[in-house]
Amino acid sequence: MKGVSSNLGSDPTLPFRESKNGRFEFNFLNSTINRIEFQPFVLSAQEDFVRHDSGKVREFRGIGDDLQLNRAFQALLIFKAFIVWGINVRHRFGLDYDSQKCVSTVFNLRTITTPDLVGEPALEGVHADGVDHTMTTLLGIENTTDDSAITFIHDNREANGTRWDAFDQDLRLGQAQHKRFLDTMLIVDHERKHSLSPVRAAKKEFRATRDMLIFFTRHPALPEHVSHSYDSFEPHREIPLYIEFPESLRESNV
């Protein structure tokens, strides 16, 4: 799985990023995880995401079997389902919290810094991701400095769009940094905002890369939500995946 990010495609809106994504259903009624069909992706300013492409409908290339059939990747999906199920969180506008299923949109991302271009994992500055839980997992870094891609956690009172180096220190709640393969962080997205410092090259004449998996998990969208038109739970016909929860998770779910 460390090398899967070498197969990514150009990002639809960010020149310093390569990307793919895929949508997975966490079905807590029948204790399964299913790959669901392609849908466009949109995040709006209403969801605390302020960037030049806020509200823009984006289409990403789909992740393939090289990632989704990897057992470590499947374990991360199961891990997140186990952690988030039954946890009470602050409710977002327009999501169906009576539903017994969630959608987890998984992004495989490579952020690239070159002598001509600085890669910013969060160009949008202080933000949230419009979901219930955001989980971030490191796949690999190459030629990065020790202060690259530090994640800062902010109180929700911090203004959306504030640069990572201009936030109010009194509203900073903590920081963390992914350094090793499979380092993972989970954020309750509607209760804490976050920002990241840029990816900087240790040897400036060579490119630096940071490869990540980002798991955005939320309840289904209601008609008044910006993503409702793009929230199908139909199975993915071309690249299917079906996983049953382990017995221990099925028992805890009951």
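Cut-offs used in this document
Residues numbered from 1 in each chain as written. Predicted model: local features only at pLDDT ≥ 70, side-chain atom pairs only at ≥ 80, totals over all residues. Heavy atoms only, no water. Core = buried A, V, L, I, M, F, W, Y, C linked by side-chain atoms within 4.5 Å. Buried < 20%, exposed > 50% of the residue type's maximum accessible area, 1.4 Å probe, protein only. Helix = DSSP H or I, 4+ residues; strand = E, 2+ residues; numbered from the N terminus. Contact = heavy atoms within 4.5 Å. Pairing = 2+ DSSP bridges.

S.K.: I keep staring at the nonpolar core and nothing clicks. Help me out?
M.R.: Formed by 22 residues in total, the largest nonpolar core has its most connected members in Met1, Phe24, Ile33, Phe73, Leu77, Leu213 and Phe215. If one sorts the elements of this core by residue count, helix H2 (residues 71-84) sits on top with five residues. Among residues more than four places away in sequence, those in contact with Phe215 are Phe73, Leu76, Leu77, Lys80, Ser104, Thr105, Val106, His133, Thr134, Met135 and Thr137. In terms of nonpolar packing, the next biggest core, distinct from the first, is built from eleven residues, Phe41, Phe60, Leu109 and Met212 among them.

S.K.: I keep staring at the pairing of strand S5 (residues 133-142) and nothing clicks. Help me out?
M.R.: Note on strand geometry: in a regular strand, side chains alternate between the two faces of the sheet. With eight of ten residues buried, S5 is to be regarded as a mostly interior element. Relative to strand S8 (residues 184-188), S5 runs antiparallel, the two being bridged by five bridges. Within the sheet, the bridge partner assigned to Thr134 lies in S8 and is Ile187. Where S5 lies against strand S10 (residues 208-218), nine bridges are found, and the strand directions are antiparallel. Looking at the pairing, Glu142 lines up with Thr209 of S10.

S.K.: How should the pairing of S10 be read in this particular structure?
M.R.: With eleven of eleven residues buried, S10 lies mostly within the body of the structure. Side chains Ala208, Arg210, Met212, Ile214, Phe216 and Arg218 project from S10 onto one buried face, and the interleaved Thr209, Asp211, Leu213, Phe215 and Thr217 project onto a second face that is buried too. Where strand S4 (residues 101-113) lies against S10, eleven bridges are found, and the strand directions are antiparallel. Across the sheet, Thr113 pairs through a bridge with Ala208, a residue of S10.

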